[in-house]
Amino acid sequence: MLLELTEIHTFYGLSHILFGVSLEVAQGETVCLLGRNGVGKTTTLRSIMGLTPPRSGSINIFGKDIKDKQPFEIARMGVGLVPEDRLIFPDLTVGENLEIAMKEKNNVRGWTFEKIYKLFSVLKERNRQLGGTLSGGEQQMLAIARTLMGNPRLLLLDEPSAGLSPIMVQAVEDHIHLLKKEGMTILLTEQNSHSALKVSDRAYILEKGRVVWQGKASVLKKNPVIMKNYLGV
Ligand SMILES: Nc1ncnc2c1ncn2[C@@H]1O[C@H](COP(=O)(O)OP(=O)(O)O)[C@@H](O)[C@H]1O
Ligand SMILES: [Mg+2]
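Residues numbered from 1 in each chain as written. Chains lettered and ligands numbered in written order. Predicted model: local features only at pLDDT ≥ 70, side-chain atom pairs only at ≥ 80, totals over all residues.

**Comments concerning the packing of helix H6 (residues 136-148) against helix H7 (residues 166-181)**
For clarity, the cut-off: Angles run from 0 to 180 degrees between N-to-C directions of axes, and those axes are lines fitted to C-alpha atoms, restricted for helices to the stretch in contact. Every helix listed is a DSSP run of H or I at least four residues long, and every strand listed is a run of E at least two residues long, numbered separately from the N terminus. The scheme is simple: roughly parallel for angles under 35 degrees, roughly antiparallel for over 145, roughly perpendicular for 65 to 115, oblique for anything else. The hand of a helix crossing depends on one turn: near helix anticlockwise from the far one by less than a right angle means left-handed, and clockwise means right-handed. Contact between two residues is assigned when their C-beta atoms, built from the backbone, lie within 7 Å. Each residue receives one of three labels: charged for Asp, Glu, Lys and Arg, nonpolar for Ala, Val, Leu, Ile, Met, Phe, Trp, Tyr, Cys and Pro, and polar for the others, Gly being one of them.
Where H6 meets H7, the closest approach of the two axes is 9 Å, and the angle between their N-to-C directions is 20 degrees. One element, H6, and the other, H7, form an angle in the roughly parallel class. Crossing angle aside, the handedness with which H6 passes H7 is right-handed. For the pair H6 and H7, contact is made by Gly136, Gly137, Gln140, Met141 and Ile144 and by Met168, Ala171, Val172 and His175, respectively. Its residues assigned to classes, the contact of H6 with H7 shows five nonpolar, four polar and no charged.

Structure below.
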């Protein structure tokens, strides 16, 4: 297992948000965390990243307990988070956004400009354009590409399809498939379960901070009762 959450309880101040969430992601897997708005999907990713560490339970990444590790240390271990609000630099060009995210100059061993531009051809076309002038879908591509520049072994995507047009949702799905082919391990959250299930091997459903269902994506797709009960779709 590349990522293993065991019975984590996470709080914001006095607000108890996650109630004993357990979840695992194996090397090379794409796993989605589904659930309605406010159930704790982002909080789960923040717990993994060390931004809001759980108060109890444990998180193992690449076999190491991350207790007491700072977010930058967790990032350095090889975890990359693409937040829902994307946080690209609007006043920098696409190329500059990528360049400042690069971990080392002459990054030959991992993700290079060539490799990124091969995978995200739209970014190559828009290389000199300012980040803020990109469409929502292109900004999502840039946010993912920028995180890849840090050479993560585990990629966390927070609602990658949120706010995108159907065509751009499709483009994001295609890129998740390509990353999977590259051997990337991915944990993504989505309210858009239809999109997430297309790219995922397995799924977890959260409801009020608890895992209420887990299993193969192919099984969930064929189970309208569960989909309706927990996801309202
Ligand atoms: N910084 C915060 N302080 C207090 N409560 C928060 C904070 N962020 C989120 N919450 C609450 O935690 C719950 C889970 O939020 P979140 O993890 O963002 O859900 P999701 O990503 O599934 O929409 C919600 O009830 C939300 O209002
Ligand atoms: Mg969220």
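**Focus: the sheet that holds strand E2 (residues 15-25)**
Backbone-to-backbone hydrogen bonds pair the strands of a sheet. The strands run either parallel or antiparallel. Just so we agree on the cut-off: Strand pairing is assigned whenever DSSP detects at least two bridges linking the two strands.
Taken in spatial order, the four strands make up an open sheet running E2-E1-E4-E5, and their pairing is antiparallel. Only two strands of the sheet have a single partner each, and these edge strands are E2 and strand E5 (64-65). Across two bridges, the pairing between strand E4 (residues 56-61) and E5 is antiparallel. Across the sheet, the residue bridging to Ile61 is Lys64, located in E5. Relative to E2, helix H1 (residues 41-49) is tilted by about 70 degrees, and along the sheet it contacts strand E1 (3-12), E2 and E4.

**Remarks on the site of ligand 1**
Keep this limit in mind: In this entry, near means the residue's backbone-placed C-beta atom lies within 6 Å of the molecule or strand.
In the neighbourhood of ligand 1, the contacting residues comprise Tyr12, Ser15, Ile17, Gly35, Asn37, Gly38, Val39, Gly40, Lys41, Thr42 and Thr43. Among the elements of the structure, E2 and H1 are those that each provide at least two residues to the shell around ligand 1. The element best represented in the shell around ligand 1 is H1, accounting for three residues. Grouping the amino acids of the shell around ligand 1 by side-chain chemistry returns three nonpolar, seven polar and one charged.

**Some remarks on the nonpolar core**
This is how it is decided: Throughout this description, the term nonpolar core refers to a group of buried Ala, Val, Leu, Ile, Met, Phe, Trp, Tyr and Cys residues whose C-beta atoms join them within 7 Å. Any residue with 12 or fewer other C-beta atoms within 10 Å of its own C-beta is exposed, any with 20 or more is buried, and the rest are partly exposed; the C-beta atoms used are placed from the backbone.
Membership of the largest hydrophobic core comes to 60 residues, with the highest contact counts inside it found for Ala145 and Leu156. Broken down by element, this core gets its largest block of residues, six residues, from H6. Contacts of Leu156, omitting those with residues within four sequence positions, involve Leu45, Ile48, Met49, Val79, Gly80, Leu81, Val82 and Leu187.

**What to know about the environment of Arg128**
In this structure, Arg128 sits in the loop between helix H5 (121-125) and H6. Along the backbone, Arg128 and Gly95 are 33 residues apart, and their C-alpha atoms lie at a distance of 6.4 Å. Aside from chain neighbours lying at most four places away, what touches Arg128 is Thr93 and Gly95.

**Focus on the pairing of E4**
Within a regular beta strand, the side chains point alternately toward one face of the sheet and then the other, so they alternate between its two faces. Sheet topology note: the E1/E4 ladder contains five bridges and is antiparallel. Residue pairing for E4: Leu5 is matched across the bridge by Ile59. Remark: two residues form the turn of the hairpin made by E4 and E5, two consecutive strands paired antiparallel; Phe62 in that turn has positive phi of roughly 50 degrees.

**Here's the deal with the sheet that holds strand E3 (residues 30-34)**
Overall, mixed pairing links the six strands, which are arranged E6-E7-E8-E3-E9-E10 in an open sheet. Of all strands in the sheet, those bounded by a partner on one side alone are strand E6 (79-82) and strand E10 (210-216). Averaged over neighbouring strand pairs, the angle between their axes works out to 15 degrees when direction is ignored. In terms of strand pairing, E3 meets strand E9 (residues 202-207) through four bridges, oriented parallel. Looking at E9, one finds that Cys32 is bridged to Ala203. Packing against the sheet, H7 makes contact with E3, strand E7 (154-158) and strand E8 (185-190), and its axis sits at approximately 155 degrees to E8.

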